Amino acid sequence: MSAGGAGGEATGGIPQNKLIAVGVLGGLIAAYAGHFLVQAAGPAFAFIGALGAICAIVWGCAAVRRVASYGLGTGVPSIGMMALGMGVVASLFGLAVGGIAGPIVAFITASIIGLVIGALANKVLGMGIPIMEQSMTEIAGAGALTIIGLSVAMTGTFMFDAVLETVVATGYIAVIFIAGGMAILHPFNANLGPDEQQDRTLTTGVEKAAIAMVVAGIVATVSEDASAIPTIMIGLALWYVAFRKYVELVNRDAYKVIGTGLLPTEEELE
Amino acid sequence: MIDIAGILAENILYIVMVTLGGMLISWSVHFVPVGGAPAAMAQATGIGTGTVQLAAGAGLTGLVTAGAVMNVSDSFALVVASGAVGAMIMIAVTMIVGTLVYVYGVGVPPASAKVDYDPITKDRQDLYVSQGTEGHGLPTVSYVSGVIGGALGGIGGATIYYSLMNTSTGLSQSDLVALASIFAVGIFFVNAVIPSYNIGGTIEGFHDPKFKKWPKAVFASFVATLMCAFVGVLAIGGL
């Protein structure tokens, strides 16, 4: 089987409730802060939206880590793709009907869809994962907040007309879909195993989210209401810090790290 | 505030069609010979990747071909047929190349571990299954099953796209295309993952005993897609 987990709940590290608070509050506050600061102080503040996406992605990674530790029976990527599938439906609905309350409507819609799918997975499909309902709710909410955060970074607002014009109609929504989904699913997929540690997994999440932030910054070059340079620069800085931290943690968790040297040249082999 | 009841009354047919499309996708995944990571090491029958990647690859190709035909024709039958053909071609090509790699690269004969005789060709299977594996490669029955799965998935995806495109809305055509496509993709992913949890990651095709579990996944997809259909039609219809 391609199941990833060890068959039990992942333990250790920061309690999930704290991460939920970081993800929900960080994601929502940053979406609104980005929106209002761009209106009040200029497009340079669009990057705050991406910071919210990073909070949501870290929360999503932690939720994926918990639920996938039980062994989904299929690869970890499935749940990340599902997160963004639910998230994109809910977030576009929320932004389309919600107006200024868009991010909150989107988040609530995503949570409801996630809860129902989690319940179906346990009750109908009989997956028997005790935290499935909660985790699916969390993952869907994280997916929706990721999409909204990256949209704010790309357009400087979450008002639907701008998002539709700059993000959806141009097809950049597909970039958000894959970059955000990858950031949520990849960290646990890359780090799973008996020596998996929460801090290492979440550091990978920050690193992947920083890449998504840089991509959002590149897209922002075509948008008038969002500056590209701050988003790209802060994204690169965050990526560098997170990647250094990740390498450090890999060295900490590895039994031994040794250099093998360069490959021998042909003369040396003779 | 949008007129929820009015939009729903006007587009009730499309909500039903989106839901049906989602259920078709969910059913179609059960036909696709998904081998997952074990198949990637030639230790299980099927294509060596997960359900989501396969369903997404085939389904999105179907969506592209359906969208292309939708530009020149309003006929539901034509759009759905082109979606089905696109997805079938995609999955068939994937399986042909996979078979080439398994036979000439890995060096294993295509063999099913779930049945002793291929239900289509009547060829003996169990003799060719290597010890310690769950079969390998893509026997004829899995190939045929995969193509059927591609067709159903393509029909489902194209139905969803067609329905969302025809929802009454004030959006311009290009915005509508973008919004309908991304909603269709989102709904497609949800319905590709639900059956993959149902089959537990791997399945050989319609001859696999796990195939009989499909009503569960289709029911789960019915509920999940119904919600997504309401949300999608409301969002598009409200603009």
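See the structure shown above.
Right, let's walk through the structure included here. Every value quoted in this text rests on a predicted model; they were computed, and no experiment measured them.

1. Section: the overall build of chain B
Of regular secondary structure, chain B possesses eight helices and two strands. Reading the helices (α) and strands (β) of chain B from amino to carboxyl end gives α-α-α-α-α-β-β-α-α-α. Each principal axis of the C-alpha atoms in chain B carries an extent, and together these give about 65 × 35 × 25 Å. Burial statistics for chain B: of 239 residues in total, 57% are counted as buried. For chain B, the proportion of contacts with a sequence separation of at least 24, taken over those separated by at least 6, is 72%. Side-chain charges in chain B split into 7 positive and 11 negative, and the spacing between the mean points of these groups amounts to 14 Å.

2. Some words on the pattern of salt bridges
Residue and element names in this part refer to chain A. Across all of its chains, the model carries ten salt bridges over all chains by this definition. For E196, the salt bridge is made with R65, and the minimal N-O distance between the two is 2.9 Å. On the criterion of sequence distance, the pair formed by E196 in the loop between α7 (172-191) and α8 (198-220) and R65 in helix α2 (residues 47-68) is long-range, its members being 131 residues apart. Per residue, the accessibility class of E196 equals that of R65, and both read buried. A salt bridge links E133 to K123; the shortest N-O distance between them is 3.4 Å. Taken together, the positions of E133 in helix α5 (residues 132-155) and K123 in helix α4 (residues 102-123) put the pair ten residues apart, joining distant regions of the chain. Classification of E133 by relative accessible area gives buried; the value is 19%.

3. Side note on the interface of chain B and chain A
Each side of the interface is counted separately: chain B has 37 residues, and chain A has 34 residues. When chain B packs against chain A, close to 3000 Å² is buried across both sides, 84% of that on carbon and sulfur atoms. The largest per-residue losses of area from chain B upon contact with chain A belong to I182, Y197 and M227 of chain B, which jointly make up 23% of the total buried on that side. On inspection of chain B and its partner chain A, the count reaches one residue pair in polar contact (both at pLDDT 80 or more). Elements with a minimum of two residues in the side of chain B that touches chain A: α3 (36-40), α4 (51-70), α7 (173-198) and α8 (214-237) of chain B. Per-element accounting of the side of chain B that touches chain A gives the leading share, 15 residues, to α7 of chain B.

4. Brief notes about unusual backbone geometry
Residue and element names in this part refer to chain B. The residue A42 is not glycine, and still its phi comes out positive at about 55°. Residue position: A42 is located in the loop between α3 and α4. The exposure class assigned to A42 is buried, which follows from its relative accessible area of 6%. One non-glycine residue, K122, lies in the positive phi region at around 65°. Looking at where K122 falls in the secondary structure, it is placed in the loop between β1 (111-112) and β2 (135-136).

Parameters and conventions
- Residues numbered from 1 in each chain as written.
- Chains lettered and ligands numbered in written order.
- Predicted model: local features only at pLDDT ≥ 70, side-chain atom pairs only at ≥ 80, totals over all residues.
- Heavy atoms only, no water.
- Helix = DSSP H or I, 4+ residues; strand = E, 2+ residues; numbered from the N terminus.
- Buried < 20%, exposed > 50% of the residue type's maximum accessible area, 1.4 Å probe, protein only.
- Contact = heavy atoms within 4.5 Å.
- Lys, Arg positive; Asp, Glu negative; His and termini not counted.
- Charge placed at Lys NZ, Arg CZ, Asp CG, Glu CD.
- Salt bridge = Lys/Arg side-chain N within 4 Å of Asp/Glu carboxyl O.
- Buried area = accessible area lost by both parts, 1.4 Å probe.
- Polar contact = N/O pair within 3.5 Å; in protein donor to acceptor, adjacent residues only side chain to side chain.

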